[in-house]
Amino acid sequence: MRAMDRLPIVVNLLKGEDAPRWDDFVHRCPQATFFHLSAWRELMEEVFDHRTFYLYAERAGDIVGVLPLAEVRSRLFGHALVSLPFCVYGGIAAAEDAGPETLHALESKAETLALALGVQHLEYRNLQPRHEEWPRQAELYVTFRKEILPEVEANLLAIPRKQRAMVRKGIKNGLVGEIDAGVERFFALYADNVLRHGTPALPKKFFERLKERFGEACEVLTVTSPAGKPLSSVLSFYFRDEVLPYYAGDDLAAREFAANDFKYWELMRRACERGCKVFDYGRSKVGTGPYAFKKNWGFEPQPLSYEFRLYKRDSIPQNNPMNPKYRAFIALWKRLPIGVANRLGPHIVRNLG
């Protein structure tokens, strides 16, 4: 055993001056994701008014593990401590040589915190399971990740024939992909799209803050018709050698022009040219349209191990549109005028995460 390995693990709460050290660790740690970056802390607090607890484990002055947490308190949906709301991935990110004591120290601190806050459950949004004995949502959410090949044409040929034909249709239709400086066109398409599906939209301020906080690592790609009409848009994140298309919206005319397939191909093409190696298509619920769409692109679903430590609950909460008890709400929401939905939506969706 190395002398350093015998030194104690100390768990601290992140302060503003420690953010550069935190982010430096996140960029170096193979287990860490874009959603472990410290800027999410400000977004949780400023946009959604969620109290945050960003824990980091330190040994001999070096960070060896991080665990970002946010407290979500809602009369409708309950009281939880989550890593991390509005994010696909979360949980502990530890250095490869950190050892089990690092995980234990961070989880012990999180559990102490959860009990002190009186939450109903603690949730880790892991990519891989850590606690086989904990209840998890392994059959609800999956993620889709695939290698980006070095050559642009090879990536096009790797798309299954039927979807490749849709991409070529979009190209033939003269669609244009443009990088937007702001979120105006994106938000209009996104908000209209989620309303048609009967779900509240995140506030426009959230997307504006994403652009401000992450700069070039947050990009909006909008696809237009040859006449300049916005048809489809996607907000993506770049992290290390990955691109993560995360929020998207389409006009009703997008299907006619094959704008949705063209949009993701245009993003993949651009990501290939800038040297990205992984295309992360993001989370989908099993059995939904987005799930089928991503499979049709040749991506294989990978179950997400969202693990729950239950305190004041008998079962995992089902705060998602697949829950039958929300059907009446969804039907009603679809009938709202867009302006009303955009005003009311942020007050509801902040508690869903």
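Bear in mind the structure is a predicted one, so any value in this text is a computation, not a measurement.

Rules and cut-offs
Residues numbered from 1 in each chain as written. Predicted model: local features only at pLDDT ≥ 70, side-chain atom pairs only at ≥ 80, totals over all residues. Heavy atoms only, no water. Pairing = 2+ DSSP bridges. Helix = DSSP H or I, 4+ residues; strand = E, 2+ residues; numbered from the N terminus. Axes fitted to C-alpha atoms, helices over the stretch in contact; angles between N-to-C directions. Contact = heavy atoms within 4.5 Å. UniProt positions renumbered as here; feature names shortened; annotations may be inferred. Phe/Tyr/Trp six-rings, centres within 6.5 Å; stacked < 30°, edge-to-face > 60°. Buried < 20%, exposed > 50% of the residue type's maximum accessible area, 1.4 Å probe, protein only. Parallel < 35°, antiparallel > 145°, perpendicular 65-115°, else oblique. Left-handed = near helix turned anticlockwise from the far one by under 90°. Nonpolar A, V, L, I, M, F, W, Y, C, P; charged D, E, K, R; others polar. Expected span 1.5 Å × (residues − 1).

Asks: I'm lost on the sheet that holds strand β12 (residues 278-285) in this one. Help?
Replies: Hydrogen bonds between backbone atoms are what pair the strands of a sheet, whose relative direction is either parallel or antiparallel. Taking strand neighbours across the sheet as the criterion, the seven strands line up as β8-β9-β10-β11-β12-β7-β13 in an open arrangement whose pairing is mixed. Only two strands of the sheet have a single partner each, and these edge strands are β8 (176-180) and β13 (301-303). Between one strand axis and the next, the sheet turns through 30° on average, direction left out of account. Looking at chain direction, strand β10 (residues 230-239) and strand β11 (residues 242-250) are connected through eight bridges and run antiparallel. Its bridge partner being in β11, F239 is matched across the sheet by E242. Sheet contacts for helix α6 (residues 184-196): β8, β9 (218-224), β10 and β11; angle to β11, the most-contacted strand, approximately 65°.

Asks: What am I meant to see in the UniProt feature "domain: BioF2-like acetyltransferase" (unreviewed entry) in the protein chain here?
Replies: Listed under "domain: BioF2-like acetyltransferase" (unreviewed entry) in the UniProt record, and renumbered for this structure, are residues 178-295. A distance of 26 Å separates the end C-alpha atoms of residues 178-295, which is 42% helix and 31% strand.

Asks: In this structure, what is going on with the packing of aromatic side chains? I would like to understand it.
Replies: What characterises a pair of aromatic rings is the spacing of the ring centres plus the angle enclosed by the ring planes. Taken as a whole and assessed by the stated rule, the structure comprises 40 aromatic pairs. Each ring, one from F206 and one from Y247, has its centre 5.9 Å from the other, and the planes form 90°; the classification is edge-to-face. Of the two residues, F206 sits in helix α7 (residues 204-214) while Y247 sits in strand β11, which places them 41 residues apart along the sequence. By relative accessible area, which is 0% here, F206 ends up buried. Here Y247 falls in the buried class, since its relative accessible area comes to 10%. Look at Y264 and F293: their rings are 6.0 Å apart centre to centre, the planes differ by 55°, and that puts the pair in the tilted class. Taken together, the residues Y264 in helix α9 (residues 259-273) and F293 in helix α10 (residues 289-296) connect sequence positions 29 residues apart.

Asks: Teacher, can you tell me more about the pairing of strand β2 (residues 51-59) here?
Replies: On any regular strand, side chains alternate: one points to one face of the sheet, the next to the other face. Within β2, eight of the nine residues are buried, which leaves the element mostly enclosed by the surrounding structure. Pairing between β2 and strand β3 (residues 62-74): nine bridges, direction antiparallel. Opposite R59, over in β3, you have D62 as the bridge partner. Where β2 folds back on β3, the antiparallel hairpin that results is connected by two residues, among which A60 adopts a positive phi of roughly 55°.

Asks: Sorry, what's going on with the packing of helix α2 (residues 39-46) against α7 here?
Replies: Between two packed helices, what matters for the description is the angle formed by their axes and the separation of those axes. α7 packs onto α2 with a crossing angle of 155° between their chain directions and a minimal axis gap of 10 Å. With respect to α7, the axis of α2 lies roughly antiparallel. Read as a crossing pair, α2 and α7 show a hand that is right-handed. Along the contact surface, α2 presents A39, W40, E42, L43 and E46, while α7 presents K205, F206, R209, L210, R213 and F214. Taken together, the residues of the contact of α2 with α7 break down into six nonpolar, no polar and five charged.

Asks: Would you mind showing me how to read helix α3 (residues 100-117) here?
Replies: Working note: α-helix, 3.6 residues per turn, so residues spaced by three or four point in the same direction. For α3, spanning 18 residues, the distance from its first C-alpha to its last is 26 Å, which sits close to the expected 26 Å at 1.5 Å a residue. Along α3, the positions that sit buried rather than exposed are T102, A105, L106, E107, A110, L113, A114 and L117. Those residues of α3 that are buried are in contact with β1 (10-13), β2, β3, β4 (78-83), β5 (93-94) and β6 (121-126). Positive backbone phi, approximately 75°, marks G118, located one or two places after α3.

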